[in-house]
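Remarks on the overall topology
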Amino acid sequence: MRVLLLLAYATAFQFREDRCEPETSLPTAKDSRRVAFILRGDAYRGLSYGSTVRGSKVAFTCTPFAHRVQRAISASHVDYMIAPLEAAGFRVDVFLATYGCKTPDAPALLKKLEGFYNRNATRPRVVHVDVVPRTIQATQATPANVAMKALRKLWPPGGYRSVLLWRFDLVATAPMG
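Residues numbered from 1 in each chain as written. Predicted model: local features only at pLDDT ≥ 70, side-chain atom pairs only at ≥ 80, totals over all residues. Heavy atoms only, no water.

Digging into the pairing of strand β2 (residues 91-98)
- The buried fraction of β2 is high, at 7 of 8 residues.
- Note that β2 and strand β3 (residues 126-131) share 5 bridges and pair parallel. Each bridged residue has a counterpart across the sheet, and for F95 the counterpart in β3 is H128. (Buried < 20%, exposed > 50% of the residue type's maximum accessible area, 1.4 Å probe, protein only. Helix = DSSP H or I, 4+ residues; strand = E, 2+ residues; numbered from the N terminus. Pairing = 2+ DSSP bridges.)

Now the structure itself:
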């Protein structure tokens, strides 16, 4: 049964090459030493993994415990992804797109989130922050699309060598090599 489901998913996904740009409208120099790092989704989600009751994730998000969890996860992103790229001579620009907290301290939490990614930086790494409204039509792709729109708008003259798209709640466990 599991094999049939996998086959069904594989056949449902169709790569649509005709919808791809033949050439990018975002030029990048061959020697670009810049990387865009997009973080999207729910910052301060806490440990809501495995919750199966619809809406139960809300009980975990934006709590004091979720703040500590996000700080640790963000540190893993800086230590294992951003810092190694910077050590290799790349400039890393960070774009944040989150649904955000609906708590009185939400603006302060957003500033803390920026601070997590600017930690130990010689220049601010965070170049753009979006708080995405959570609507009935919102999906996991919504914050990514919002961040990509900002990326296109702020595309630097030499371009980005790579664009990394990552979730706020995914831990990096080893340095990029």
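Some thoughts on the packing of aromatic side chains
- Summed over the entire model, instances satisfying the criterion amount to 2 aromatic pairs.
- Ring geometry for W155 versus Y160: centroids 5.2 Å apart, planes at 85°, classification edge-to-face. Accessibility assignment for this pair places W155 and Y160 in one class, buried.
- Positioned above the aromatic ring of F90, the side-chain terminus of R33 is 3.9 Å from the ring centre.
- Directly above the aromatic system of Y99 lies the positively charged group of R134, at a separation of 4.1 Å from the ring centroid. (Phe/Tyr/Trp six-rings, centres within 6.5 Å; stacked < 30°, edge-to-face > 60°. Lys NZ or Arg CZ within 6 Å of the ring centre and 35° of its normal.)

Some details on helix α2 (residues 64-87)
- Across its 24 residues, α2 extends 33 Å between first and last C-alpha, which sits within 8% of the 34 Å expected from 1.5 Å per residue.
- In α2, a bend of some 35° at V78 exceeds every other bend along the element.
- Every buried residue belonging to α2 is among A66, H67, V69, Q70, I73, S74, S76, H77, V78, M81, I82 and L85, and all of these are buried.
- A positive backbone phi angle near 95° is found at G89, which sits one or two residues after α2. (Expected span 1.5 Å × (residues − 1). Bend = angle between axes of the 7 residues up to and from the residue.)

Considering the sheet that holds β2
- Spatial strand order, β3-β2-β1-β4: 4 strands in an open sheet with parallel pairing. Both edges of this open sheet fall to β3 and β4 (162-167), since each of them pairs with a single strand only. The mean inter-strand angle of the sheet, taken between neighbouring strand axes irrespective of direction, is 15°.
- Across 8 bridges, strand β1 (residues 34-41) lies against β2 in parallel orientation. In the strand pairing of β2, R34 is matched with R91. (Axes fitted to C-alpha atoms, helices over the stretch in contact; angles between N-to-C directions.)

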